[in-house]
Amino acid sequence: MIEINGLAKKFPVESPKKLSEQERKDPRLRGRHFHSVKDVSFHCEEGQVLGLLGPNGAGKTTTLRILSTALKPDKGEVSINGHNVLSDPTIARRKIGFLSSSTGLYGRLTGRENITYVGKLHGLGDSEVASRIADMADLLDMHSFLDRRAENFSSGMKQKVSIARAVIHQPELVILDEPTTGLDIMATSTVMAFIRRLKEKGTPVIFSTHHLDEVQELCDRVSVINVGETVFDGTLAQFSSLSDGRMHDSFLKTLNQTSDEEVSNVVNL
Ligand SMILES: Nc1ncnc2c1ncn2[C@@H]1O[C@H](COP(=O)(O)OP(=O)(O)OP(=O)(O)O)[C@@H](O)[C@H]1O
């Protein structure tokens, strides 16, 4: 079980001129700081998949980077199966598999070598790494390119190898930042099937996405962030019933209720 409570993270702004026009108008810009995440809370239990939704710039990536311990929050708590992630990041890194949208592969290494390198960093032996890669090559359909250099990989190939690399140590929790962005239909369905497989094995998965069809197909829970705050956290059924099963309308409703200051009606259903 992973529990996130009251996360907040602000970044210093060197010069407001470097911000986008939208960010300059954003209420999260206060003085010399941009409060990207102001108050985010959700939880996910064993065998559950949680979909993290929110408009561009809402604070999803910042939240996921905090969960993965890549960023330290200013406030809030994160615990995985009772372990405080923030006070013990080394243990946390062993427990978590994180697919970041920004970490690239080593182009001069093959797909297999990229995965093996991270497996070794986690202390796995040669035969363990080899057998896990063989399993994942089946599940993620990687056989045709696994032994090619990563520098010429397509987006789908890169993403599959990155996912395999993120979970080579068989983490207790998997966090995926927009795992299907930029992928074609075939690669998307392979990645979706892989997430389903993790769920069947009991591993909780948290993933951010802009695709509501993926949420409908895979998720047990939904959490929506808007302007740095959790505006909905509940089951898929509760999310869907906000608008009689119309997912897009449910999503828009959670965002509009924020501006109507009716957040309390939808949070913690
Ligand atoms: N290191 C940083 N310094 C300053 N501002 C930052 C930093 N990281 C993120 N931000 C800002 O915080 C806000 C939230 O960013 P974040 O990447 O978490 O959003 P997101 O919900 O993942 O968006 P998207 O759906 O577009 O990926 C954005 O306005 C972003 O520019």
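Rules used throughout
Residues numbered from 1 in each chain as written. Predicted model: local features only at pLDDT ≥ 70, side-chain atom pairs only at ≥ 80, totals over all residues. Near = placed C-beta within 6 Å. Helix = DSSP H or I, 4+ residues; strand = E, 2+ residues; numbered from the N terminus. Core = buried A, V, L, I, M, F, W, Y, C linked by C-beta atoms within 7 Å. Buried ≥ 20, exposed ≤ 12 C-beta atoms within 10 Å, placed from the backbone. Axes fitted to C-alpha atoms, helices over the stretch in contact; angles between N-to-C directions. Parallel < 35°, antiparallel > 145°, perpendicular 65-115°, else oblique. Contact = placed C-beta atoms within 7 Å. Expected span 1.5 Å × (residues − 1). Arc of directions from axis to C-beta. UniProt positions renumbered as here; feature names shortened; annotations may be inferred. Pairing = 2+ DSSP bridges. pLDDT = per-residue confidence, 0-100. Left-handed = near helix turned anticlockwise from the far one by under 90°.

Observations concerning the site of the ligand
In step 1: The environment of the ligand is made up of Phe11, Glu23, Phe34, Ser36, Gly54, Asn56, Gly57, Ala58, Gly59, Lys60, Thr61 and Thr62.
In step 2: Of all elements in the fold, only β3 (33–44) and α2 (60–67) reach the threshold of two or more residues within the shell around the ligand.
In step 3: Ranked by residues supplied to the shell around the ligand, first place goes to α2 with 3 residues.

Looking at the nonpolar core
In step 1: Formed by 65 residues in total, the largest nonpolar core has its most connected members in Met142, Ile163, Ala164, Ile175, Val205 and Val222.
In step 2: Take this core: its biggest share by element is 6 residues, from helix α6 (residues 155–167).

Quick look at the packing of α6 against helix α7 (residues 185–200)
When two helices pack together, you describe them by how their axes are tilted relative to each other and by the distance separating the axes.
In step 1: As a packed pair, α6 and α7 sit with axes 10 Å apart at the nearest point and diverge in direction by 10 degrees. Viewed along their axes, α6 and α7 adopt a mutual orientation that is roughly parallel. Two secondary-structure elements touch here, α6 through Gly156, Gln159, Lys160 and Ile163 and α7 through Ala187, Thr190, Val191 and Phe194.

Considering helix α5 (residues 126–139)
In step 1: Under the 1.5 Å per step criterion, the end-to-end length of α5 is 20 Å for 14 residues, consistent within 8% with the ideal 20 Å.
In step 2: Where α5 is concerned, the buried positions are Val129, Ile133, Met136 and Ala137. The buried side chains of α5 occupy one side of the element, clustering within an arc of 105 degrees when seen end-on. Opposite the buried face of α5, at more than 90 degrees from it, the exposed residues are Ser127, Ser131, Ala134, Asp135 and Asp138.
In step 3: On its buried face, α5 sits against α4 (111–121) and α6.
In step 4: Immediately downstream of α5, the backbone of aspartate 141 shows phi near 55 degrees, a positive value.

Remarks on the UniProt feature "domain: ABC transporter" (unreviewed entry) in the chain
In step 1: With numbering aligned to this structure, UniProt lists the feature "domain: ABC transporter" (unreviewed entry) at residues 2–252.
In step 2: Within the segment residues 2–252, helix and strand shares are 37% and 25% respectively, and the terminal C-alpha atoms sit 27 Å apart.

Here's the deal with the pairing of strand β5 (residues 75–80)
Successive residues of a regular strand alternate their side chains across the two faces of the sheet.
In step 1: Where strand β1 (residues 2–12) and β5 come together, 5 bridges link them in antiparallel fashion. Of the residues in β5, the one forming a bridge with alanine 8 is lysine 75.
In step 2: Pairing of β5 with strand β6 (residues 83–84) involves 2 bridges; the strand directions are antiparallel. Looking across to β6, one finds that serine 79 is bridged to asparagine 84.
In step 3: Hairpin connection, β5 to β6: the antiparallel pair is bridged by 2 residues, and asparagine 81 has positive phi, about 45 degrees.

What about the confidence of the model for the chain?
In step 1: Of all residues in the chain, 96% have pLDDT values of 70 or greater, and the mean over the chain is 91.
In step 2: Counting contacts from residues 259–269, a segment whose pLDDT is below 50, to residues more than four positions away or on other chains yields 16 contacts.
In step 3: As scored by the predictor, the complex reaches a pTM of 0.91 and an ipTM of 0.96.

As for the packing of α4 against α6
In step 1: Closest axis-to-axis distance for the α4/α6 pair is 8 Å, and the angle between their directions is 20 degrees. Classified by the angle between their axes, α4 and α6 sit roughly parallel to one another. Classified by chirality, the crossing of α6 by α4 is right-handed. Each of Gly111, Asn114, Ile115 and Val118 in α4 lies in contact with α6, whose residues at this interface are Val161, Ala164 and Arg165.

Focus: the environment of glycine 123
In step 1: With respect to the helices, strands and loops of the structure, glycine 123 is situated in the loop between α4 and α5.
In step 2: What makes glycine 123 exposed here is the crowd of 9 C-beta atoms within 10 Å.
In step 3: C-alpha of glycine 123 to C-alpha of histidine 169: the two residues are 46 residues apart in sequence and 8.7 Å apart in space.

Digging into the pairing of β3
In step 1: One ladder, built from 7 bridges, connects β1 with β3; its direction is antiparallel. Within β3, the residue paired with isoleucine 2 across the bridge is cysteine 44.
In step 2: One ladder, built from 2 bridges, connects strand β2 (residues 29–30) with β3; its direction is antiparallel. Looking at β3, one finds that arginine 30 is bridged to histidine 33.
In step 3: Here β2 folds back onto β3, and the loop between the two strands holds 2 residues, one of which, glycine 31, carries a positive phi near 60 degrees.

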